[in-house]
Protein chains: 4
Amino acid sequence: MSNINVAMIGQGFMGRSHSNAWGQVAKFFQCPSKPVMHTVFGQEAENPQAFADNWGWQNAATDWESVVKSPDIDIVDIVTPNFMHAPPAKAAIAAGKHVACEKPIAGTLAEAREMAEAANKAGVKTAVWFCYRRVPAVALAYQMVKDGLIGDILHVRAQYLQDWADESVPLVWRFKKELAGSGAHGDLNAHIIDMTRFVTGQEITEISGAISETFIKKRKLMTGVASGSIAGGLDAGKDMGDVTVDDTVLFLARFSGGAVASFEAARQATGNQNRNGFEINGTKGSLKFDFERMNELEYYDATRPRAVQGWTNIMCTHAGDHPYVANWWPDAHLIGYEHCFTNEAYDFLCQIAGQTPTVPIPTFEDAYQTQRVLEAASLSAAEKHAINMDDVK
Amino acid sequence: MSNINVAMIGQGFMGRSHSNAWGQVAKFFQCPSKPVMHTVFGQEAENPQAFADNWGWQNAATDWESVVKSPDIDIVDIVTPNFMHAPPAKAAIAAGKHVACEKPIAGTLAEAREMAEAANKAGVKTAVWFCYRRVPAVALAYQMVKDGLIGDILHVRAQYLQDWADESVPLVWRFKKELAGSGAHGDLNAHIIDMTRFVTGQEITEISGAISETFIKKRKLMTGVASGSIAGGLDAGKDMGDVTVDDTVLFLARFSGGAVASFEAARQATGNQNRNGFEINGTKGSLKFDFERMNELEYYDATRPRAVQGWTNIMCTHAGDHPYVANWWPDAHLIGYEHCFTNEAYDFLCQIAGQTPTVPIPTFEDAYQTQRVLEAASLSAAEKHAINMDDVK
Amino acid sequence: MSNINVAMIGQGFMGRSHSNAWGQVAKFFQCPSKPVMHTVFGQEAENPQAFADNWGWQNAATDWESVVKSPDIDIVDIVTPNFMHAPPAKAAIAAGKHVACEKPIAGTLAEAREMAEAANKAGVKTAVWFCYRRVPAVALAYQMVKDGLIGDILHVRAQYLQDWADESVPLVWRFKKELAGSGAHGDLNAHIIDMTRFVTGQEITEISGAISETFIKKRKLMTGVASGSIAGGLDAGKDMGDVTVDDTVLFLARFSGGAVASFEAARQATGNQNRNGFEINGTKGSLKFDFERMNELEYYDATRPRAVQGWTNIMCTHAGDHPYVANWWPDAHLIGYEHCFTNEAYDFLCQIAGQTPTVPIPTFEDAYQTQRVLEAASLSAAEKHAINMDDVK
Amino acid sequence: MSNINVAMIGQGFMGRSHSNAWGQVAKFFQCPSKPVMHTVFGQEAENPQAFADNWGWQNAATDWESVVKSPDIDIVDIVTPNFMHAPPAKAAIAAGKHVACEKPIAGTLAEAREMAEAANKAGVKTAVWFCYRRVPAVALAYQMVKDGLIGDILHVRAQYLQDWADESVPLVWRFKKELAGSGAHGDLNAHIIDMTRFVTGQEITEISGAISETFIKKRKLMTGVASGSIAGGLDAGKDMGDVTVDDTVLFLARFSGGAVASFEAARQATGNQNRNGFEINGTKGSLKFDFERMNELEYYDATRPRAVQGWTNIMCTHAGDHPYVANWWPDAHLIGYEHCFTNEAYDFLCQIAGQTPTVPIPTFEDAYQTQRVLEAASLSAAEKHAINMDDVK
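Residues numbered from 1 in each chain as written. Chains lettered and ligands numbered in written order. Predicted model: local features only at pLDDT ≥ 70, side-chain atom pairs only at ≥ 80, totals over all residues. Heavy atoms only, no water.

- Taking an unreviewed UniProt entry as the reference, chain A is identified by name as 1,5-anhydro-D-fructose reductase belonging to Novipirellula artificiosorum.

Here is the structure:
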C-alpha cells in the first residue's frame, strides 16, 4: 500500500476532527493508500508545533502557501475560519493537489462557481466536509430513496436547530459577517441543504419565501482568544459590538421532483442542542433523521399491512446491512460525531484512487449548488418574494 | 340547577363528537346549568330520528330554520358541512341564541367579520370548536406561557400533518372547493393557527411566504353516501373529477411579539396520521405538543442547572395540577379525542352563565382572526410575495 | 333489539367507570341487546340516589341482596371494595344472573375456585374486569401472537408500576389487608398476570422466586370518607396505623410454553405513574406495551430485511385493522382509559347473546387461575424458594 | 510529562477497543503520564505483528510470560478469552505491574478473591474493564445518587439484553463453559451488577430467586477462526455440539440500603440489540439509562412542582456539567462506544499517578464482589431457593 501525504491548513475545533479522521482512518478501514499526516499549518500564535505533536502531524508550518505548493503534498485539507477557505483551496487546485475543504468553499457565489470549474478543469478531486452524508443513518436514507422504498417524494422538512447563542455569548467570529460570511444560514442551513439534495437526489428549483432575523443585535466584545468550542471563546469585556449576521433563517422551497420543502436554521431554539435533521414523506414511505440520535433512522413503510404499519426505529449499527458499520465495532455498538469525518476521509481516499466511494462525495460543484440555494434564500428574505433558482447563478 | 336547551344542526362524524359532549358533560362536570339535548336537525335522507334515538336527542327535525328560531332553544350547535355553517349561525344570532359553531364559521372573510360583529352586537355568546385548546396539555402550555415560564417567544413551529388522502381516496366533499372552502389549509392550518394564537397570546402580523400545492389533481367520483369517517365515504366509480382544493399549504409568518414562525398542513404526509402540534422556543424554555400523544407535553426548562437540563415529558394527567383532569379519571389515566369537546361544552356553559372558563374560549372574533391568516397565506402563495396582515381585513 | 337489565353493586371510582361503560356502549356499538341501567346499589351514607341521578341509573337501592335476586335484573355488575366482591357474586350466580365482577372475585383461592365452579354449573356467563385485555393495542398483541407473528415466546417481562403511595398518603383501605386482601400484588400484579396469560395463551407453571416488601410500614390514620381517587381520601389525623399489605411484589416465573418471565408491581416506583405493561420476545418478533401510551404497540419484526429491522411504533387506531377502533372515532383519533370498560361491556353482551366476543373475555375461571399465581408468588416470597404451580390449587 | 509503557495481552474485538483507547487517550486528555503502546502479545496464528502495525504497537510478541515480566513494562492490559485472564494477571501482579484486566478476572470465586488480595498486598493498581461506568450518563447518574438527588433508593431494575444468538449462530467460544466460564450471566449480568453497585453505592445482600435457562442446547460446530465480532466467527459445518452455558439468567435481589432489585441477561431477546441499562427509583427521584442511547440519561425529579414533573431526557454532552465531555467535542456532539475505554484509560493513568479519577475505578476487589453475586445467583437458580450473600465468599 502506497502512502499519500496530507497537509492540513488550519487548526481549531475542526482541526481536531480532521486530525482524528486522518489518524484513525487506516486503523479501521482498508484504505487504497495510507494517509500520512505530513504537515499542519497554523499561525504562529496558535503554536502549530504543539498541535502537531498532540495529533501526530509530522511537521508544523506557519506559511500555508509553501505548504500547499510543496511537491511532498498530495491532499490539502482546509479547516481555517470561513473567510480563509478560498485562498488555499484555489492555490491547491492550481498546484494540482486534491482538496478537501470545510464549507463554505468561497465568500461569494461567483467565486464558488469559479472554484468548482477550476477543480474540474485541473482534474483534481475535491471533497467538502458536508460530513453528515456519512452518518450511517443518512447514507442508508440515501440508499433507501435510491432503491425506491420511499416512492415519489412529496414533502421535505429540514431543520438544523441549536441553542448555544443566548445573550451571554460574546461577539465571537461566528457573529461577524466579514469573518463568517453569514450566521445560522451558512453555518447550519448549508448542511441541511446538502443533506436533502443528497438524500432526495434532487435540486431545489424555487425559494418560495424566506425569513432572516437577528434576535440579539449587540453582544459583548471578546477579549480572549478563540479556542475549540463552537462559541469559540468566552472572555468578554463590557463594551458591546454589532452582530452582523443572522440568528435564524427559514425558507420554503420546491424540489425538482415536485416536492415542497421547508428549511430552518436557528441558534436560539432552546432545547434543540444539535437538532440537525430531516423528514421526507413519499408515496410509499417516509424517513426521519435527527443528529441528536445519529445512530437511528426512522422509517415508515406504507406498503406494509395496515395493522402493523408504524414508524420503525432502525438502529443503523449492523455490519453489512448499514454503511460504514463493518469497519467500526460489533453490531449495536454506537459510533459518535467524529466517525463521520473518518468515513469521509476513507471515501475521499477511495475517490482519489479511482474507486467508488460508499455514497457520493460532496464536491466543489455540490458546494456551489448549496451556495446558490443559500444566496437565493437570502435574496428572498431581503426582497420578500419568491426566487426562481434559474435566476441565481 | 336550571336546564339549558341545546339544538344541534347537522350530524356526521362531528355530530357524534358533539352529541357525546352534550351527553357526557353533566356526568363529569359540575355544570352551572344542565344541558338538555333538545333537538337535532338532519336532512331527511340522513334519518335524524335514528341519530336522535342513538345519541339521546329528545327530538329530531328536518327544518333547521324553525329549530334555530324556536323559543325552546338556548344554544345552537352547528356541525353541518362547511358551506352550511354561516346560514344557521347567522339565523341563530339573529334569534338571540348562543352559538357554538364548527369552523370555518363563514365562506368568506367579510362574512366572518360581519358574523363576529353581529354576535357582539347581539350580546350572545359564541364558541367555535377549535377544541384542541382544551386538550389538557395545550391548556397547560397556555398557562405556562402566560406565567412567563417560557420567557420571550422567538420561534413557533406548527404543523398539522395527516396521510389519509392517497390516490385511492375518491372525490369526497373535502376535495371540492364549493363544499369545503379549501383543503388542508382550512381543515388543518386553521387549527394550528388558532392553537398558536391561543398558546402564545399573540397575533400574526406578516405572512412572509407560502406554498400551496395539490399533488393529486383528479380523483374517482363518489357514488355512495358520505358517513362518519374523515374521508367521508369510499364508494367510487371509474369516472374521474377535478380536485379543486389544496393538498398542502406551508407558510412562514411573524408574530406580534417578534417570533418567527412556520406552519404546514398536509394530507399526504405519509406516517403522520394526526400530527397536530407545535413547538415554541422562548428565552427561558420551550414547549412541544403532538396530538398523537395528546396526554403529554414536552417542556424544556432552560433555567434549571445545566447538568440536568433536558426535555421533560409531562404526563398531563394530574388532578389539580393539570386543567380538566380532576373531572375525569384518577391520576395518570389517559383521556382521548372526544374529551376535548366535552371540556369545551363545559367551558361554554360556564361562559354563558357568566363564569370564567378554564381557559379562554375561541369566539367568532377568534375565528375571524384565524380566517384572516388563512386568507393572507393563500394570497401569499398565489402572488409569491410576503403579505402584511394589516392589508387583510 | 331487546333490553337487558343491569344492576350495579357499588359505586366509587370503579362505579363511575362502569356506569360510563353501560351508558356509552349502545351509542357506539351495535349491541345484540340494549343494556338498561336499571338499579345501582350503594350504602345509605354514599347517597346512591345522587349517584343514580348523575349517571342515569333508573333506580337506587341500599339492599344489595334483594337487588341481586330481583327477577328484573339480568346482569349483576360488582364494583364494591375487594372484600365485598364474593358475597354478591355468589348470590347472583345462585340467582341465575350473569355476573360481571371487579377483581379479585374472592378473598381466598378456595373461594375463587368454588365460584368458578358454581358459575360453570349454573350456566351463567361471567366476566371479570381485567379490562386491559380490551385496550386495542393489547387485543392486537393477542391476535399477533395467535397468528404466529412472534414465533415461540422465550421471554416475558411484565410490570405494573405506580408511584402514588409516598409517605403523605394516609392509611386508606388499599393499605389494609382485611379490606384489600393485598397491596400492589393483588391490585397490580393481578392485571399483568391476566394480561400475559391472555396475550401468550399460556399458563404459568412455576414461581421461581419472589420478593414482597412494605417500604412504608406505618401511615397516618384517615379521618375523612373515601371518594373517587386511587388513594381514596386524603383527610388524615396525627395518629398512625399499621400498613398490613405489601408495597411491592416481584417474582420470576416460567410459562407452559417454555418462556422465562419476570413480574413486578410497585406503588413507590417514582416516575412510573401508571406503567402497566409487558414485553414479549419471541423467535420471530417482539411486542411491547405500556398503558401510559395505551394507543400504541411496539412491534419488532425479526423476519424483515436486516437493514430495515427495528421497533415499529404501531398507532392502534385504524378502523378495520385494529380491534374496537371502528366503533369509536375516525382513524388516528385516540381513545382513553374508560373505553376499555365500554369495549368489555360490549363483548360481555355479545357473550351473553351467544356471539363470539372480539377477543376472549376473562371469566371467573381466569380469575381463579390468576389468583393461583398470586398466591404461589406470595408463598414463594414468604418461604424463599421456588413453587411448582401444580402444588397450588 | 513522563512516559508509561503499556503491554497488551491478547487481541480480538476487545484488543481493538483497548488499542484505540491507548492510542487516543493522550490526544484528547491531559494525562499525568504519556502511555506508550509498547508491546502487544498474540498467538502466532493471530499474527500479532500485523495487529501491532495496524494499531501502532511498537512491538509484537508471542510469549506473554516474558512480556509481563519485562522491566520495560509498567501496565499490563489483558484482553484474552476469559479462561486466559487470570494467568497473566497473576503473573503481572507478581512482577509488580499495574494491571488492567477484562472481566471476569478469574475462573473461580476463590481465585478472584486471592487475586484481589494479591494486588492489594503488592500495592499495584488494578482496573477491570467494566467500562460502562465511564459512559458520561452513567458517571452522571453516580454523581446524582451520591449528591442525594434521588433520595433513598427503593427499586433497582437492571437488564442487559441482546439478540444476536439465534439458531444460526454456531458454537463459538462464548457458548462453551470451559472457555467462557458462563453465558449471558458472566458476559452481561456482570456488567449490570457492577454498574448498579457503582451507581447505588450499595452491595447486594441477598439473591431472592433466580432462573437460568439455555434455550438453544445444540449448535453447529465451527470450522473457521474467530475474529472481531461478538459471535466471533460464523463458518460452521453440519455437525452439532452441546452448548454448555446459559442463554439467559434472571435473578431478584436485595441491596444493602433496602432496595429490591431485578436483574436479567439474555442473548435471544429479539429487538434488544444492546440494551444494557438500569432504572433506579428513589424517594426523591428516579434515573433510567439504556446503552442503546448511551448519550442520554432519563431523570425524574419528584421534588419539582407537580404540574411540570416528568421524565427529563438529559443529553449528557455538556462540557463542565457532564463527566468526560470537555475532553471530546463541542457541546451536543455525541460520542460512541469506544470512548468509554479511552475514558477509563485516562482515569487509570490518573489513579496510577496518585490523582483522583473522575469516578471510582472498578478494581479487582470490585470484580470479586461482582463475581460473588454471579455465583450466588447461579446457586440460587440451581437450588431453587434464596441465597444470603454472607454465605458466598
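**A closer look at the overall build of chain A**
So, step 1. Helix and strand counts for chain A stand at ten helices and 17 strands.
So, step 2. The globule rule puts the C-alpha radius of gyration for 393 residues at 21 Å, and the 21 Å found for chain A is close to it.
So, step 3. With the C-alpha coordinates of chain A rotated into their principal frame, the extents come out at 65 × 55 × 40 Å.
So, step 4. A total of 393 residues make up chain A; the buried ones form 67% of that total.
So, step 5. Taking all contacts inside chain A whose residues are at least 6 apart in sequence as the whole, residues at least 24 apart take part in 69%.
So, step 6. By element, 47% of the accessible surface of chain A is carried by carbon and sulfur atoms, the whole surface being about 13,000 Å².
So, step 7. Side chains of chain A carry 34 positive and 46 negative charges; the gap between the two charge centres is 2 Å. (Helix = DSSP H or I, 4+ residues; strand = E, 2+ residues; numbered from the N terminus. Rg over C-alpha atoms; globule rule 2.2 N^0.38 Å. Buried < 20%, exposed > 50% of the residue type's maximum accessible area, 1.4 Å probe, protein only. Contact = heavy atoms within 4.5 Å. Areas by Shrake-Rupley, 256 points an atom, 1.4 Å probe, with all protein chains shown as cover. Lys, Arg positive; Asp, Glu negative; His and termini not counted. Charge placed at Lys NZ, Arg CZ, Asp CG, Glu CD.)

**Quick look at the nonpolar core**
So, step 1. Ranked by size, the top nonpolar core spans 248 residues in total, and within it F364 of chain A together with F364 of chain D carry the most contacts.
So, step 2. The contacts of F364 of chain A, once residues within four sequence positions are left out, are A89, I93, V99, C101, I105, M115, A116, A119, T126, A127 and V128 of chain A. (Core = buried A, V, L, I, M, F, W, Y, C linked by side-chain atoms within 4.5 Å.)

**Concerning helix α1 (residues 12–28) of chain C**
All names here are of chain C.
So, step 1. Taking 1.5 Å of rise per residue, 17 residues should cover 24 Å, and α1 covers 24 Å from first to last C-alpha, within 8% of that figure.
So, step 2. In α1, a bend of some 25 degrees at W22 exceeds every other bend along the element.
So, step 3. Counting buried positions over the 17 residues of α1 gives 15, a clear majority of the element. (Expected span 1.5 Å × (residues − 1). Bend = angle between axes of the 7 residues up to and from the residue.)

**With respect to the sheet that holds strand β1 (residues 3–9) of chain B**
All names here are of chain B.
So, step 1. Overall, parallel pairing links the six strands, which are arranged β3-β2-β1-β4-β5-β6 in an open sheet. In this open sheet, the two edge strands, each paired with only one partner strand, are β3 (59–61) and β6 (126–128). Across the sheet, the axes of successive neighbouring strands diverge by a mean angle of 20 degrees, strand direction being ignored.
So, step 2. Summarising the sheet, strand β2 (residues 34–41) and β3 pair through three bridges and their orientation is parallel. Counted as the bridge partner of V40 is A60 from β3. (Pairing = 2+ DSSP bridges. Axes fitted to C-alpha atoms, helices over the stretch in contact; angles between N-to-C directions.)

**Comments concerning the relation of the copies chain B and chain A**
So, step 1. Expressed as a screw transformation, the operator carrying chain B onto chain A has a rotation angle of 180 degrees and an axial translation of 0.0 Å, and the superposed copies differ by an RMSD of 0.0 Å. Such a combination of turn and shift is consistent with a two-fold rotation axis.
So, step 2. Interface overlap between copies is the fraction of interface residues in one copy that are interface residues in the other; for chain B against chain A it reaches 100%, indicating a shared surface. (Least-squares fit on C-alpha atoms with pLDDT ≥ 70 in both.)

**Remarks on the interface of chain A and chain D**
So, step 1. Counting residues at the interface gives 35 residues for chain A, matched by 35 residues for chain D.
So, step 2. Across the chain A/chain D interface, buried area totals approximately 3,300 Å², and carbon plus sulfur atoms make up 52% of it.
So, step 3. On the chain A side of the contact with chain D, K27, W329 and L334 of chain A bury the most area, a combined 20% of that side's loss.
So, step 4. Across the contact surface, chain A and chain D share two salt bridges.
So, step 5. In this structure, the salt-bridge partner of R293 of chain D is E296 of chain A, at a minimum N-O distance of 2.7 Å.
So, step 6. On the surface where chain A and chain D come into contact, there are 22 residue pairs in polar contact (both at pLDDT 80 or more).
So, step 7. Those elements that provide at least two residues to the side of chain A that touches chain D are α1 (12–28), α2 (48–55) and β16 (311–315) of chain A.
So, step 8. In terms of residues, the side of chain A that touches chain D owes the most to one element, α1 of chain A, which gives eight residues. (Buried area = accessible area lost by both parts, 1.4 Å probe. Salt bridge = Lys/Arg side-chain N within 4 Å of Asp/Glu carboxyl O. Polar contact = N/O pair within 3.5 Å; in protein donor to acceptor, adjacent residues only side chain to side chain.)

**Things to note about the relation of the copies chain A and chain D**
So, step 1. Turning chain A through 180 degrees and shifting it by 0.0 Å along the axis lays it on chain D, with an RMSD of 0.0 Å.
So, step 2. When the interface residues of chain A are mapped onto chain D, 100% of them are again interface residues, pointing to one common binding face.

**Brief notes about the pairing of strand β16 (residues 311–315) of chain B**
Residues and elements named next belong to chain B.
So, step 1. The buried fraction of β16 amounts to five of the five residues, a majority that puts the element mostly inside the structure.
So, step 2. By the alternation rule, side chains of β16 split into W311, N313 and M315 and T312 and I314, which are all buried.
So, step 3. In this structure, strand β15 (residues 296–301) lies alongside β16, joined through five bridges in antiparallel fashion. Residue pairing in the sheet places E298 in a bridge with N313 of β16.

**Describing the UniProt feature "domain: Gfo/Idh/MocA-like oxidoreductase N-terminal" (unreviewed entry) in chain A**
So, step 1. The feature "domain: Gfo/Idh/MocA-like oxidoreductase N-terminal" (unreviewed entry), as annotated in UniProt, sits at residues 4–128 of chain A in this numbering.
So, step 2. Across residues 4–128 of chain A, the secondary structure splits into 43% helix and 22% strand, with the terminal C-alpha atoms separated by 19 Å. (UniProt positions renumbered as here; feature names shortened; annotations may be inferred.)

**A few points about the interface of chain B and chain A**
So, step 1. With 44 residues of chain B at the interface, the matching set in chain A holds 44 residues.
So, step 2. Roughly 3,300 Å² of surface becomes buried between chain B and chain A when both sides are summed, with 54% attributable to carbon and sulfur atoms.
So, step 3. Notably, a salt bridge pairs R254 of chain A with E213 of chain B, separated by 2.6 Å at the nearest N-O pair.
So, step 4. Summed over the shared surface of chain B and chain A, the number is 22 residue pairs in polar contact (both at pLDDT 80 or more).
So, step 5. Those elements giving two or more residues to the side of chain B that touches chain A turn out to be β7 (153–161), β8 (204–213), β11 (248–255), β12 (260–266), β13 (275–282) and β14 (285–290) of chain B.
So, step 6. The dominant element in the side of chain B that touches chain A, judged by the number of residues it contributes, is β8 of chain B, at seven residues.

**Here we look at the pairing of strand β7 (residues 153–161) of chain D**
All names here are of chain D.
So, step 1. Most of β7 is tucked away: eight of the nine residues are buried.
So, step 2. Here β7 runs beside strand β13 (residues 275–282); their pairing, made up of eight bridges, is antiparallel. Residue pairing for β13: A158 is matched across the bridge by F278.
So, step 3. Strand direction decides the pairing type here: β7 and strand β12 (residues 260–266), joined by seven bridges, are parallel. From the neighbouring strand, H155 faces β12, where its bridge partner is V260.

**What to know about the domain arrangement of chain A**
All names here are of chain A.
So, step 1. Taken as a whole, chain A is organised into domain 1 (3–131) and domain 2 (134–333 + 360–383).
So, step 2. Here the C-alpha centroids of domain 1 and domain 2 sit 24 Å apart.
So, step 3. Taken together, the 28 residues of domain 1 in the interface contact 28 residues of domain 2.
So, step 4. Surface buried jointly by domain 1 and domain 2 totals about 2,400 Å² across both partners, of which 68% is contributed by carbon and sulfur atoms. (Domains from an automatic or database assignment.)

**Description of the side chain of R275 of chain C**
So, step 1. Take R275 of chain C: it is sitting in strand β13 (residues 275–282).
So, step 2. At a separation of 3.2 Å, a polar atom in the side chain of R275 of chain C contacts the side chain of D290 of chain C.
So, step 3. Excluding residues that lie within four positions of it along the chain, R275 of chain C makes contacts with Q159, Y160, L161, D290 and E292 of chain C together with K288 and W311 of chain D.

**Observations regarding the packing of helix α1 (residues 12–28) of chain D against helix α9 (residues 339–352) of chain D**
Residue and element names in this part refer to chain D.
So, step 1. In the contact formed by α1 and α9, the axes pass within 8 Å of each other and the chain directions differ by 60 degrees. One finds that α1 runs oblique with respect to α9. Once α1 is placed against α9, the crossing between them reads as right-handed. Contact residues: M14, S17, H18, N20, A21, W22, Q24 and V25 in α1; F341, T342, A345, Y346 and L349 in α9. (Parallel < 35°, antiparallel > 145°, perpendicular 65-115°, else oblique. Left-handed = near helix turned anticlockwise from the far one by under 90°.)

**Brief notes about the side chain of R267 of chain A**
All names here are of chain A.
So, step 1. In this fold, R267 is placed in the loop between β12 (260–266) and β13 (275–282).
So, step 2. In this structure R267 comes out as buried when scored by relative accessible area, which is 1%.
So, step 3. A polar side-chain atom of R267 sits 3.3 Å from a polar atom in the side chain of D187.

**Notes on helix α4 (residues 86–94) of chain B**
All names here are of chain B.
So, step 1. A86, P88, A89, A92 and I93 are the residues of α4 that are buried.
So, step 2. Against β1, α3 (64–69), β4 (75–78), β5 (98–101), α5 (109–122) and α10 (364–383) lie the buried residues of α4.
So, step 3. Positive backbone phi, at 80 degrees, marks G96, one or two positions downstream of α4.

**Brief notes about empty space enclosed by the protein**
So, step 1. Considering all chains together, one arrives at ten cavities of 30 Å³ or more under this definition.
So, step 2. Counting residues per element, the ones that place at least two in the lining of the second largest cavity are β15 of chain B together with β15 (296–301) of chain D.
So, step 3. Broken down by element, the residue count for the lining of the second largest cavity peaks at three residues, all from β15 of chain B. (1 Å grid on protein atoms, 1.4 Å probe; cavity = no way out; pocket = protein on both sides within 12 Å on 5 of 7 lines; lining within 4 Å. Points joined across faces, edges and corners; volume = space filled by probe spheres on them.)

**Examining unusual backbone geometry**
So, step 1. Looking along the chain, the bond that leaves K103 of chain C and enters P104 of chain C is cis, with omega of 0 degrees.
So, step 2. Tracing the backbone through its elements, the reader meets P104 of chain C in the loop between β5 (98–101) and α5 (109–122).
So, step 3. Here the phi dihedral of N47 of chain A falls at roughly 55 degrees; this positive angle occurs in a residue that is not glycine.
So, step 4. Structurally, N47 of chain A can be placed in the loop between β2 (34–41) and α2.
So, step 5. Look at N47 of chain A and you get partly exposed, because its relative accessible area is 42%.

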